[in-house]
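A closer look at the structure
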Amino acid sequence: MSMIAAFYGGKSILITGATGFLGKVLMEKLFRTSPDLKVIYILVRPKAGQTLQQRVFQILNSKLFEKVKEVCPNVHEKIRAIYADLSQNDFAISKEDMQELLSCTNIIFHCAATVRFDDTLRHAVQLNVTATRQLLLMASQMPKLEAVIHISTAYSNCNLKHIDEVIYPCPVEPKKIIDSLEWLDDAIIEEIAPKLIRDWPNIYTYTKALGEMVVQQESRSLTIAIIRPSIVGATWQEPFPGWVDNINGPNGLIIAAGKGFLRALKAAPKAVADLIPVDTVVNLMLAVGWYTAVHRPKSTLVYHSTSGNLNPCNWHKMGVQVLATFEKIPLERAFRRPYANFTSNNFTSQYWNAVSHQAPAIIYDCYLRLTGRKPRMTKVMNQILRTASMLEYFLNRSWEWSTYNTEMLMSELSPEDQRVFNFDVRQLNWLEYIENYVLGVKKYLLKEDMAGIPEAKQHLKRLRNIHYLFNTALFLIVWRLLIARSQMARNVWFFIVSFCYKFLSYFRASSTLKV
Ligand SMILES: CCCCCCCCCCCCCCCCCCCCCC(=O)SCCNC(=O)CCNC(=O)[C@H](O)C(C)(C)COP(=O)(O)OP(=O)(O)OC[C@H]1O[C@@H](n2cnc3c(N)ncnc32)[C@H](O)[C@@H]1OP(=O)(O)O
Ligand SMILES: NC(=O)C1=CN([C@@H]2O[C@H](COP(=O)(O)OP(=O)(O)OC[C@H]3O[C@@H](n4cnc5c(N)ncnc54)[C@H](OP(=O)(O)O)[C@@H]3O)[C@@H](O)[C@H]2O)C=CC1
């Protein structure tokens, strides 16, 4: 019997960010391994015209939850959606709901955050710092609380090269920033933001670092642990391989590459691609929840959920495998044939952007205009290049994350728990994982039918022929223009033609001799 699964039995668990990528996988695993848990409270806001109930219904009826419905048929009754907006005071939770949360919660998993790199400082601080503080204040009023698990990011200290499992101080106190945002107006905040974030690459990683400091400062009476995942990718094993449902991080780039939009990337080929499967992160979260509640460590422990130091893979290897998978399982209606060119050189990268990205987009838009349609490719391309440039910082560096606490925890688990809540990334086979990942992007994110693969392959063949035809025509035109204008080009041309003629005559003469 799994000790961790048994621990969550009968518990009331509060999850923030349950509608997000990580949150959904966390709920799924909890219901599947501990179907006898009491209730999962989730803090949800209405979104995109959907009520809370509709959002929950959609999640529970997704493919991700198919196995859960077999193991826990009454899952609908065990999930309690509470209206909440984490950017509001007291999260805008009603008095009755707040009372219930305060009196019943045993474990908190705090996943909610804004993960946008370009969010405003005000909003990012509200979500990633103030909301964390407010949640911990709530937590300190919960008599039955056993543990709080705060999800940060391995990149919260990406201004350092070697990162230990400790909370690093930030140059400015979170409280000072929270206070000043109350009276500064938006224009001034945006002006001072670059100076505040110093050597952090974006507001997201900076505010996540502030969030960790808040955890340290507010943790006095609480038992808290912090988990820092690196780049969270599709599921590795559970509930099935390759599940993914948003375009953040690698997902958008994989789509852009598969559709042939993105053919070159400013990335150091040998830099470590620190991906970590989402189910591995969730298994660690549940194990940490158990360990923190049962062993009650004296200080706040930080756990790195990274792959680089235990089972490294680099961007080159990843790119090659992504392309190899697209050969077998291409995406539908590609713009160009997928290709991956990684370069860390500025000049080469700009050259590829012009030749491989912008020029084809402009040519295609001209074609759309000529055929009476609305041009759109340049806009799409600019969007993709903007995203790629935002991720560049992470693609051109490697970090070393120590994993002592994570490894210590692994050794504390029983063999059964090590199997059911496996977070040992050394067992990950990258080639197999990436193939399933790409397949998952096609099936679950793009919802493309596998029956369309032969047609997609046919389409790629047509694109290859168009590519050859286009290159030949371009070569001939350029050459013809050169010959018309330059004596040197004419001399080169006559030299090549006469050389070919002589070679052919010699070849013919020697083959006639043999006969
Ligand atoms: C050579 C080819 C190679 C091929 C081989 C490939 C090999 C594999 C390669 C793997 C490389 C992995 C690198 C990972 C590095 C990650 C490091 C993470 C480190 C930290 C991790 C964390 O701790 S935590 C999570 C990280 N946090 C995000 O990852 C959010 C980022 N993100 C945003 O910060 C906003 O997204 C941002 C960008 C501002 C735009 O902002 P924005 O306002 O301009 O755009 P929006 O997001 O509103 O999107 C507007 C429309 O663009 C569409 N779209 C958006 N992105 C798109 C996209 N990538 N590809 C296509 N389409 C995209 C979208 O679907 C909308 O379409 P529509 O208009 O039709 O709805
Ligand atoms: N994905 C990754 O690569 C990594 C993620 N992390 C961390 O993991 C955690 C989860 O990330 P992930 O699941 O990928 O992110 P998502 O963007 O998928 O999910 C974010 C969640 O936060 C919720 N949320 C955002 N704003 C509010 C608000 N005002 N009120 C209530 N809920 C809100 C979202 O709700 P809604 O659905 O309503 O928008 C959603 O459920 C975050 O803390 C992130 O920093 C760390 C490292 C890597």
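This structure is a prediction, so every number in the text was calculated from the model and none was measured.

**Overview of the site of ligand 1**
The immediate surroundings of ligand 1 are formed by 30 residues, with Arg116, Phe117, Thr153, Tyr204 and Gly249 found nearest. Separating an oxygen atom of ligand 1 from a side-chain N or O atom of threonine 153 is a distance of 2.9 Å. In the complex, the protein chains occlude 77% of the 1,500 Å² of accessible area that ligand 1 would expose alone. Tallying contributions element by element places helix α15 (residues 377-395) first for the shell around ligand 1, with seven residues. Grouping the amino acids of the shell around ligand 1 by side-chain chemistry returns 19 nonpolar, seven polar and four charged.

**Re the site of ligand 2**
With respect to spatial proximity, 26 residues lie near ligand 2, and among them Thr19, Arg45, Arg55, Tyr204 and Lys208 are the closest. Arginine 45 places a polar side-chain atom, nitrogen or oxygen, 2.8 Å from an oxygen atom of ligand 2. One of the side-chain nitrogen or oxygen atoms of lysine 208 is found 2.8 Å away from an oxygen atom of ligand 2. Contact with the protein chains covers 89% of the free accessible surface of ligand 2, which is 890 Å². When the residues that make up the shell around ligand 2 are grouped by side-chain class, the tally is 13 nonpolar, eight polar and five charged.

**With respect to unusual backbone geometry**
Put simply, glutamate 238 and proline 239 share a cis peptide bond, and its omega is -5°. Take proline 239: it is sitting in the loop between β8 (231-233) and α11 (250-258). Although it is not a glycine, aspartate 90 sits at a positive phi angle of roughly 50°. Here aspartate 90 lies in the loop between β3 (79-83) and α6 (95-104). Of note in the backbone geometry, arginine 198 takes a positive phi value of approximately 45° without being a glycine. Structurally, arginine 198 is set in the loop between α9 (186-197) and α10 (203-218).

**Quick look at the nonpolar core**
Counting 130 residues, the largest nonpolar core has Ile15, Ile42, Phe109, Met285 and Leu409 as its most contacted members. For this core, the element with the highest residue contribution is helix α12 (residues 278-295), accounting for eleven residues. Look past the residues within four positions of phenylalanine 109 in its chain and what remains in contact with it is Tyr8, Ile13, Leu14, Ile15, Thr16, Leu26, Ile149, Met285 and Leu286. Counting residues in hydrophobic clusters, the runner-up holds 29 residues, among them Val39, Ala139, Ile167 and Leu222.

**Structural notes on the UniProt feature "domain: Fatty acyl-CoA reductase C-terminal" (unreviewed entry) in the protein**
What UniProt calls "domain: Fatty acyl-CoA reductase C-terminal" (unreviewed entry) maps, in this numbering, to residues 357-448. Secondary structure over residues 357-448 splits into 70% helix and 2% strand, and the C-alpha atoms at its two ends are 25 Å apart.

Conventions adopted
Residues numbered from 1 in each chain as written. Chains lettered and ligands numbered in written order. Predicted model: local features only at pLDDT ≥ 70, side-chain atom pairs only at ≥ 80, totals over all residues. Heavy atoms only, no water. Near = heavy atom within 4 Å. Polar contact = N/O pair within 3.5 Å; in protein donor to acceptor, adjacent residues only side chain to side chain. Areas by Shrake-Rupley, 256 points an atom, 1.4 Å probe, with all protein chains shown as cover. Helix = DSSP H or I, 4+ residues; strand = E, 2+ residues; numbered from the N terminus. Nonpolar A, V, L, I, M, F, W, Y, C, P; charged D, E, K, R; others polar. Core = buried A, V, L, I, M, F, W, Y, C linked by side-chain atoms within 4.5 Å. Buried < 20%, exposed > 50% of the residue type's maximum accessible area, 1.4 Å probe, protein only. Contact = heavy atoms within 4.5 Å. UniProt positions renumbered as here; feature names shortened; annotations may be inferred.

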